[in-house]
Amino acid sequence: MRRSIDEGAASMAGRFEILKDNDDSYRFRLTAADGTVVAESPTFKHLKAVVDGINAVRENAATGLIVDRSTAVRKAA
């Protein structure tokens with residue numbers, strides 16, 4: 001029996017949604033389990049490119065450094 005992509009989604013932290021725009025470009029959006037949009041990508045010309053973008057986020061997000069650039073803004077204000 002084949003599982004659908006959405007099956008078991010309730011137990012996941014979030015999901016990537018691929019969207020096709022009117023100009024035939026693609027983008028993705030990362031949503032939290034409650035449906036809150038966490039991030040949205042720039043547009044991609046090809047479906048393969050948007051999938052590669054999702055894979056890059058999945059590979060790098062967990063090990064990415066947190067850089068707080070808000071400190072400079074607070075000092076300048």
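Residues numbered from 1 in each chain as written. Predicted model: local features only at pLDDT ≥ 70, side-chain atom pairs only at ≥ 80, totals over all residues. Heavy atoms only, no water.

Colleague: Teacher, can you tell me more about the pairing of strand E3 (residues 37-40) here?
Modeller: Direction of pairing for strand E2 (residues 26-32) relative to E3: antiparallel, over a ladder of 3 bridges. Each residue of the ladder has a partner; that of Arg29, found in E3, is Glu40. Between the end of E2 and the start of E3, which pair antiparallel, lie 4 residues, with Gly35 showing a positive phi angle near 95 degrees. (Pairing = 2+ DSSP bridges. Helix = DSSP H or I, 4+ residues; strand = E, 2+ residues; numbered from the N terminus.)

Colleague: Help me understand the environment of Ile54 in this model?
Modeller: Summarising the element assignment, Ile54 is placed in helix H1 (residues 47-61). Since its relative accessible area comes to 9%, Ile54 is described here as buried. Sequence separation between Ile54 and Ser41 is 13 residues; the distance between their C-alpha atoms is 8.9 Å. Each residue touching Ile54, except ones within four places of it in the same chain, is listed here: Phe16, Ile18 and Phe28. (Buried < 20%, exposed > 50% of the residue type's maximum accessible area, 1.4 Å probe, protein only. Contact = heavy atoms within 4.5 Å.)

Colleague: I keep staring at the packing of aromatic side chains and nothing clicks. Help me out?
Modeller: For any pair of aromatic rings, geometry is given as the distance between the ring centres together with the angle between the planes. Scanning the model with the defined rule gives 2 aromatic pairs in all. Note on Phe16 and Phe28: the rings are 5.7 Å apart at their centroids and 65 degrees apart in plane angle, and the pair reads as edge-to-face. Highlighted residues: Phe16 in strand E1 (residues 14-20) and Phe28 in strand E2, separated in sequence by 12 residues. Of the residues examined, Phe16 reaches a relative accessible area of 26% and is grouped as partly exposed. Their ring planes at 20 degrees and their centres at 6.3 Å tell us that Phe28 and Phe44 sit as a pair that is stacked. You can see Phe28 sitting in strand E2 and its partner Phe44 sitting in the loop between E3 and H1, a full 16 residues away along the chain. Aromatic rings pair up to connect Phe16, Phe28 and Phe44 into one cluster. (Phe/Tyr/Trp six-rings, centres within 6.5 Å; stacked < 30°, edge-to-face > 60°.)

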